[in-house]
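Structural description and commentary
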Amino acid sequence: MTHPSQPAATVPTTGDLIQSLARAAEWGAAYLASLGDRPVQSRIKPGDLLARLPESPPEQPPENPQLEWDAIYRDLEELILPSLTHWQSPSFFAFFPCNQSAPTIVAELLSAMLNVNGMNWATSPGVTELEIRTLDWMAHAMGLPACFRSDAPEGGGVIQSTASDATLVALLAARHRARRLHPDDLDVDTRLCVYTSTQAHSSVVKAAMIAGLARAPDDTRRLRLIAADSDLRMDPDALGRAMREDVERGLVPAFISATLGTTSSGAFDPLVPICDVADQAPRRPWVHVDAAWAGAALVCPEHREQMRPGLDRADSLCVNPHKWLLTNFDCDLMWTRCVGDLVGALSITPEYLRHESQLNGAVDFRDWQVPLGRRFRALKLWLLLRMFGIEGLRAHIRGGVRWAEELEGWVRADDRFEVAAPRSLSLLCVRLRAGDAPTRALLDRVNASGRAFLSHTTLPEGEGEARYVIRIAIGGTHTRREHVEGLWALLRDEADAVLRSTP
Ligand code: PLP
């Protein structure tokens, strides 16, 4: 280990580094093996951890680094782990899964060791070129239309950090397109409108706020939240009406965000009629497809039917392998068929970022994203596909869908429960027929048990009040059928307790 008299910033010796990494790997493997025994949701109260952390950092490096590492691992166990909700627990069914896998953990480690910044082609050509190739591999794995591939005239894919980033840059590209299509209208920015459904993820509204199209989430003057039908899919007729009204008011429809797999219920917006409506606008708005979660299922040919029609008419698409495709966080894949507008919106080249290869058409991914710097995330896709193959990814998706189907059958056979929305892939929304309060009580009891973790949403019910429902999202890396069976037994037992105490 490092000698105490060495300056703190000294590069560790190879032996030190190997020892530290080996210990971290050992600790991580033991942690993952222990997940079945830990309460899934953290039980600490706000401020609990803060109260146990020193107010100031250490001034000096430790005299004995070995002892300090021992203390760090003790603190990890005693302070940090109780303050975490264990997203990798096989009984984590909340929100959407946040997958991991051995190859992508290793890729994260390799990326940390290399620690290159691939902000443009010249700063590490391999970061850019591996990303171009692996995004084409993923497009192939998901059966995406050829317009999104890097060999299409204006096509290509890029890794963003999150779906929220992808939606934001798609909106900025849409604004660039609108400016391009209205070259004489210097005020066009003040008249642009965004359309998405009431069921879309909040990141679309947030993107509109960041881009200056809405002052607050409820500022709907240029942010139109389109009604959903009884299956919670965007209503294209309502979209058409809203766009026509806006054009009559002198506004400019610029951006439509459709969702394949909404967050609350997993609904699929109908892309073909949405694109038909977009085509009827005086100047075509940008159509972005947010398939952050469900897009992973495109690797299975049997799930393409409900997602592919219309994709070849979209301008951009995003999918998060870090949700349901065995890839460590963070990794959002974004494809576009209109690179020109994306780069037009985001490119700026000061002298210090010029390099000769730009003249030869080298891709600079800094022009496809908001930040300048970029991590080497393509390593994750490269190792993922090499170690699982597309067939391995399909097996993972199919397991989640199969267990959700089984769970749906069990829920339907128990007349205390109801399925609150059509099951979507591996997402099932359920509730107690007894109503909102008992359903909420059931969720609280399940989560308090520590044996599983679920989240909730509300879903509109016809013209009536929104109803409280429990979302069950299957698809964790370590989840197996037995964990889904365990969840169902827990739900039934806790439902007994709730209904016994309900007057
Ligand atoms: N879009 C949809 C449909 C989502 O379900 C989510 C998150 O669950 C997001 C976007 C936001 O994802 P991210 O955290 O990658 O921004």
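Reading the values: the criteria
- Residues numbered from 1 in each chain as written.
- Predicted model: local features only at pLDDT ≥ 70, side-chain atom pairs only at ≥ 80, totals over all residues.
- Heavy atoms only, no water.
- Patch = residues over 30% accessible without salt bridge, like charges linked within 9 Å, V, L, I, M, F, W, Y side chains within 5 Å.
- Areas by Shrake-Rupley, 256 points an atom, 1.4 Å probe, with all protein chains shown as cover.
- Salt bridge = Lys/Arg side-chain N within 4 Å of Asp/Glu carboxyl O.
- Helix = DSSP H or I, 4+ residues; strand = E, 2+ residues; numbered from the N terminus.
- Core = buried A, V, L, I, M, F, W, Y, C linked by side-chain atoms within 4.5 Å.
- Buried < 20%, exposed > 50% of the residue type's maximum accessible area, 1.4 Å probe, protein only.
- Contact = heavy atoms within 4.5 Å.
- Near = heavy atom within 4 Å.
- Nonpolar A, V, L, I, M, F, W, Y, C, P; charged D, E, K, R; others polar.
- Expected span 1.5 Å × (residues − 1).
- Polar contact = N/O pair within 3.5 Å; in protein donor to acceptor, adjacent residues only side chain to side chain.
- Axes fitted to C-alpha atoms, helices over the stretch in contact; angles between N-to-C directions.
- Parallel < 35°, antiparallel > 145°, perpendicular 65-115°, else oblique.
- Pairing = 2+ DSSP bridges.
- Disulfide = S-S within 2.5 Å.

**Some remarks on a nonpolar patch on the surface**
Where nonpolar side chains cluster on the molecular surface, the patch consists of L17, L109 and M113 and spans about 250 Å² of accessible area. Here M113 shows up in helix α4 (residues 102-114).

**What about the nonpolar core?**
With 66 residues, the main nonpolar core has L144, L239, L317, W335 and I397 as its most contacted residues. Among the elements that line this core, the one with the most residues is helix α12 (residues 378-412), at nine residues. Not counting residues within four places of it along the chain, the set of residues in contact with W335 comprises L135, M138, A139, M142, L144, F148, G156, G157, D315, S316, L317 and V319.

**Notes on the site of the ligand**
Close contacts around the ligand come from 14 residues, with A163, S164, T263, D290 and N320 the closest. In the complex, the protein chains occlude 86% of the 390 Å² of accessible area that the ligand would expose alone. Residues belonging to the shell around the ligand are distributed by class as follows: three nonpolar, nine polar and two charged.

**What to know about the environment of D37**
Within the secondary structure layout, D37 lies in the loop between α1 (14-33) and α2 (48-52). Owing to a relative accessible area of 72%, D37 belongs among the exposed residues under this scheme. Sequence-wise, D37 and P217 are 180 residues apart; in three dimensions their C-alpha atoms are separated by 41 Å.

**Concerning helix α8 (residues 236-248)**
In a regular helix each residue adds 1.5 Å, so 13 residues correspond to 18 Å; α8 covers 18 Å between its end C-alpha atoms and thus fits that length. Restricting attention to buried positions, one finds in α8 the residues P236, A238, L239, G240, A242, M243 and D246. N-capping of α8 is provided by D235, with a side-chain oxygen placed 2.9 Å from the backbone N of D237. Following α8 by one or two positions, G250 has its phi on the positive side, about 85°.

**Details of the packing of helix α6 (residues 163-181) against helix α11 (residues 339-346)**
Across the interface, α6 lies against α11 with an axial gap of 8 Å and an inter-helix angle of 95°. As summarised for this structure, α6 and α11 are arranged roughly perpendicular, according to the angle between their axes. Here α6 contributes V169, L172, A173, H176, R177 and R180 to the contact with α11, which in turn contributes G340, D341, L342, G344, A345 and L346. When its residues are assigned to classes, the contact of α6 with α11 shows six nonpolar, three polar and three charged.

**Remarks on the sheet that holds strand β5 (residues 286-290)**
Spatially, the seven strands line up as an open sheet ordered β1-β7-β6-β5-β4-β2-β3, and their pairing is mixed. Because the sheet does not close on itself, it has two edges, and the strands there are β1 (156-160) and β3 (223-226). Along the sheet, successive strands turn relative to each other by an average axial angle of 20°, direction set aside. As paired strands, strand β2 (residues 192-197) and β3 are joined by four bridges and run parallel to one another. Bridging across to β3, Y195 finds its partner in R224.

**Structural notes on the side chain of N120**
Within the element layout of this structure, N120 appears in the loop between α4 and α5 (125-141). Residue N120 is classed as buried on the basis of its relative accessible area of 3%. Residues contacting N120, with those up to four places away along its chain left out, are T128, L353, H355, D364 and R366.

**Description of the state of the cysteines**
Within the structure shown, the criterion is met by zero disulfides. Not part of a disulfide, C331 finds its nearest cysteine sulfur in C98, a span of 11 Å. Taking relative accessible area as the criterion, C331 reaches 0% and is therefore assigned buried. This cysteine, C429, is not joined by any disulfide, and C98 carries the nearest cysteine sulfur, 20 Å off. The exposure class assigned to C429 is buried, which follows from its relative accessible area of 1%.

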